Amino acid sequence: MAEGISSYDIVVLGGGSGGYACALRAAELGKRVALIERDRVGGTCLHRGCIPTKALLHAAEIADQARESAKFGVKTTFEGIEMPSVLSYQESVVDRLWKGLQSTIASRKIDTIIGDGRLVSPTSVRVNDTVYEAGHVVLATGSEPRSLPGLDIDGTRVITSDDALRLDRVPSSAIVLGGGVIGVEFASVWRSFGADVTIVEMLPQLLPLEDESSAKALQRMFRRRGISFQLNTAFESVKHSDAGVTVTLGGGKTLEAELLLVAVGRGPVSSGLGYEENGVAINRGFVVVDDLCRTNVPTISAVGDLVTTPGQGHPQLAHVGFAEGILVAERVSGLDVHPIDYAGVPRITYSDPEVASVGLTSAQIAERGLEVVEVNYPLGGNGKSVILQTQGSAKVFAEAGSDGSGPGRVLGVHLVGSRVGELIAEGQLIYNWDAEPSDVAQLIHPHPTQSEIIGEAHLALAGKPLHFHA
């Protein structure tokens, strides 16, 4: 069969967050774009990650509110979780957003090609019998759940987050291997749905990338919720049992549960796609890029979960993919672009309580030998948080002033509590605009809102605390 050839300005391989953002922006800038996706546009975030997970978390919040309504004077009866209906709600959310995304992509005159793409030269991608050529190729094939050596995923008793999102029942009990964002969020959901949950984490704290104080606050609240966890604990093995699984930990301790969720991170989707054969530098499966998302091949860029940036951590976040996709589209189109400061990207764990942050942690500050001042403002002093019956805090670091001057620029904002994820965008502005506490102290935050915790923390750092005393 004769091979067809189609020509474009940009060919994007992968239709997830980074890929479709790049395609949309490039089309806005007048480029002819082909977007190649093996499944459905929207990728992991829309179909197997951010959106369906947060739909489960919202259902979990409703379940908790039903159980606890009496303390607000509202009489309800909680009769349980009907997972098929929860999954129907989850799918309706995903489907609505997917249809909207398809419409947006079509409106920009982007050609969407559904099929398995493979890089066949520095300027072309093959799908079946057609080769799509372009002046520039963008790799955006994303990531997938990974496991540990010797730990086999069977999809029923030993599962990944992909399997957990499709689970048509509430497990009576679950062991979660990995105390990062994915593990913590599923532990929170299942506990709200009524399961007994134990998290196993090999590092000293849950959410190892977050500030130690945030992790300790989360751990306290998880204990109150009845979520167990084993820290500084290695996984040894798992075997099937009458109850489901028996997990053996370091030191010989065993745990029993209906299922084991393996949430030890996500690995790059790069194997067998022709990257190395065409000269693209790879490190442990990740595509190596510089601070402008350029690979070592001049005609190839890469974005999203697929990439690694030597010398700095690269967060696997959908909004990072959006930003990198836009950056590449603008750079290839000849616009002036600037590197992304990954420390300035907001991070949120949507558990109960939520954990949100931007900027440096106390450990990073210590590593850099920085002199700082800090305030830890408790949510107990915030009217809206008391109304919501949530606990937590707003911790803010700023450079220590010199010669009697006030604190310098804000270096980190760390929040714990219900709904605090909605507040971290202001923290992002403060951090990325190099604001000082005195700058933020002048801003008037509406009362009563949780946003006041940002204002109150900065008022205290500026030396004029309001509803707060040390």
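Whatever comes next refers back to the structure up there.
Just so it is clear, the structure is predicted and the values come from calculations on it, not from any experiment.

(A) Seen up close, the side chain of E185. Relative to the assigned elements, E185 resides in helix α6 (residues 181-192). By relative accessible area, E185 is classed as buried at 3%. Sequence-distant contacts of E185, that is, excluding residues within four places in its chain, are made with T53, K54, L57, I348, T349, Y350 and S351.

(B) Inspection of the pattern of salt bridges at higher detail. If you walk through the whole model with that rule in mind, you get 20 salt bridges. Across the pair E330 and R25 runs a salt bridge, and its minimum N-O distance is 2.9 Å. A residue pair is termed long-range when its members are at least 10 positions apart, and E330 in helix α8 (residues 318-332) and R25 in helix α1 (residues 17-28) qualify at 305 residues. With a shortest N-O distance of 3.1 Å, E28 and R108 are connected by a salt bridge. Taken together, the positions of E28 in helix α1 and R108 in the loop between α4 (83-107) and β3 (111-114) put the pair 80 residues apart, joining distant regions of the chain. Taking relative accessible area as the criterion, R108 reaches 29% and is therefore assigned partly exposed. In the salt-bridge network here, residues are joined through shared partners; they are R25, E28, R108 and E330.

(C) Fine view of the packing of aromatic side chains. Per the counting criterion, the structure on display carries four aromatic pairs. Relative to W190, the ring of F186 has its centre 5.7 Å away and its plane inclined at 50°; by these criteria the two rings are tilted. Of the two residues, F186 and W190 are both situated in helix α6; the distance of four residues between them amounts to about one turn of the helix. Residues F186 and W190 agree in their burial class; the two are buried. Seen from the ring of W98, R40 lies directly overhead, with NZ or CZ sitting 4.5 Å from the centre.

(D) How the structure looks around the sheet that holds strand β13 (residues 245-249). With antiparallel pairing, three strands are arranged side by side in an open sheet as β12-β13-β14. Strands at the two margins of the open sheet, each flanked by one partner only, are β12 (235-240) and β14 (254-257). Recorded for the sheet is a direction-independent mean angle of 20° between the axes of neighbouring strands. Inspection of the sheet shows β12 paired to β13 by five bridges, in the antiparallel sense. Paired with F235 across the two strands is L249, which belongs to β13.

(E) Representation of the environment of G252. As for its position among the elements, G252 is in the loop between β13 and β14. G252 sits in the partly exposed class, given a relative accessible area of 49%. Placed 79 residues apart in sequence, G252 and S173 show a C-alpha to C-alpha distance of 21 Å.

(F) Quick peek at the sheet that holds strand β17 (residues 282-283). Spatially, the three strands line up as an open sheet ordered β17-β18-β20, and their pairing is mixed. The open sheet is flanked by β17 and β20 (307-308), the only strands paired with a single partner. Across two bridges, strand β18 (residues 286-288) lies against β20 in parallel orientation. Bridge pairing in β20 links V288 to T308.

(G) Highlighting α6. Look at α6: 17 Å from first C-alpha to last across twelve residues, which is about the 16 Å you get at 1.5 Å a residue. Most of α6 is tucked away: nine of the twelve residues are buried. All buried positions along α6 are accounted for by G183, V184, E185, F186, A187, S188, V189, W190 and S192. Of the residues one or two after α6, G194 is the one with positive phi, at around 110°.

(H) Structural detail: the pairing of strand β22 (residues 354-359). Counted residue by residue, β22 has six buried out of six residues, so it is predominantly covered. Pairing geometry for strand β21 (residues 347-349) and β22, over three bridges, is antiparallel. Residue pairing across strands places R347 opposite S357, the latter belonging to β22. Where β21 folds back on β22, the antiparallel hairpin that results is connected by four residues.

(I) Here's a closer look at the environment of S69. Along the chain, S69 falls in the loop between α3 (50-68) and α4. Taking the C-alpha atoms as reference points, S69 and G194, 125 residues apart in sequence, are found 17 Å from one another. Within the structure, the side chain of S69 is placed 2.8 Å from the backbone oxygen of V74, a separation counted as a polar contact.

(J) Examining the nonpolar core more closely. With 35 residues, the main nonpolar core has V176, W190, I199, F222 and L261 as its most contacted residues. Of all the secondary-structure elements, those providing two or more residues to this core are α3, α4, α5 (161-166), β9 (173-177), α6, β10 (196-200), α7 (212-225) and β15 (259-262). Looking at this core element by element, the count peaks at five residues for α6. When residues no more than four places from it in sequence are discounted, the contact partners of W190 are I159, A164, L167, P171, A174, V176, A195, V197, L259 and L261. Judged by nonpolar contacts, the second largest core, of 26 residues, contains A23, V33, C293 and V303.

(K) Just α3, in detail. Between the first and last C-alpha of α3 there are 27 Å, a value that for 19 residues agrees with the 27 Å anticipated at 1.5 Å per step. Buried within α3 we find P52, T53, A55, L56, L57, A59, A60, A63 and D64. Contacts from the buried residues of α3 go to α2 (43-48), α4, α5, α6 and α7.

(L) Expanded view of the packing of α6 against α7. For the pair α6 and α7, the least separation of the axes is 11 Å and the interaxial angle reads 25°. Here α6 lies roughly parallel to α7, going by the angle between them. Judged by the sense of rotation from one axis to the other, the crossing of α6 with α7 is left-handed. Contacts between α6 and α7 involve V184, S188, R191 and S192 from the former and L218, F222 and R225 from the latter. Partitioned by chemical class, the residues of the contact of α6 with α7 number three nonpolar, two polar and two charged.

Calculation rules
Residues numbered from 1 in each chain as written. Predicted model: local features only at pLDDT ≥ 70, side-chain atom pairs only at ≥ 80, totals over all residues. Heavy atoms only, no water. Helix = DSSP H or I, 4+ residues; strand = E, 2+ residues; numbered from the N terminus. Buried < 20%, exposed > 50% of the residue type's maximum accessible area, 1.4 Å probe, protein only. Contact = heavy atoms within 4.5 Å. Salt bridge = Lys/Arg side-chain N within 4 Å of Asp/Glu carboxyl O. Phe/Tyr/Trp six-rings, centres within 6.5 Å; stacked < 30°, edge-to-face > 60°. Lys NZ or Arg CZ within 6 Å of the ring centre and 35° of its normal. Pairing = 2+ DSSP bridges. Axes fitted to C-alpha atoms, helices over the stretch in contact; angles between N-to-C directions. Expected span 1.5 Å × (residues − 1). Polar contact = N/O pair within 3.5 Å; in protein donor to acceptor, adjacent residues only side chain to side chain. Core = buried A, V, L, I, M, F, W, Y, C linked by side-chain atoms within 4.5 Å. Parallel < 35°, antiparallel > 145°, perpendicular 65-115°, else oblique. Left-handed = near helix turned anticlockwise from the far one by under 90°. Nonpolar A, V, L, I, M, F, W, Y, C, P; charged D, E, K, R; others polar.

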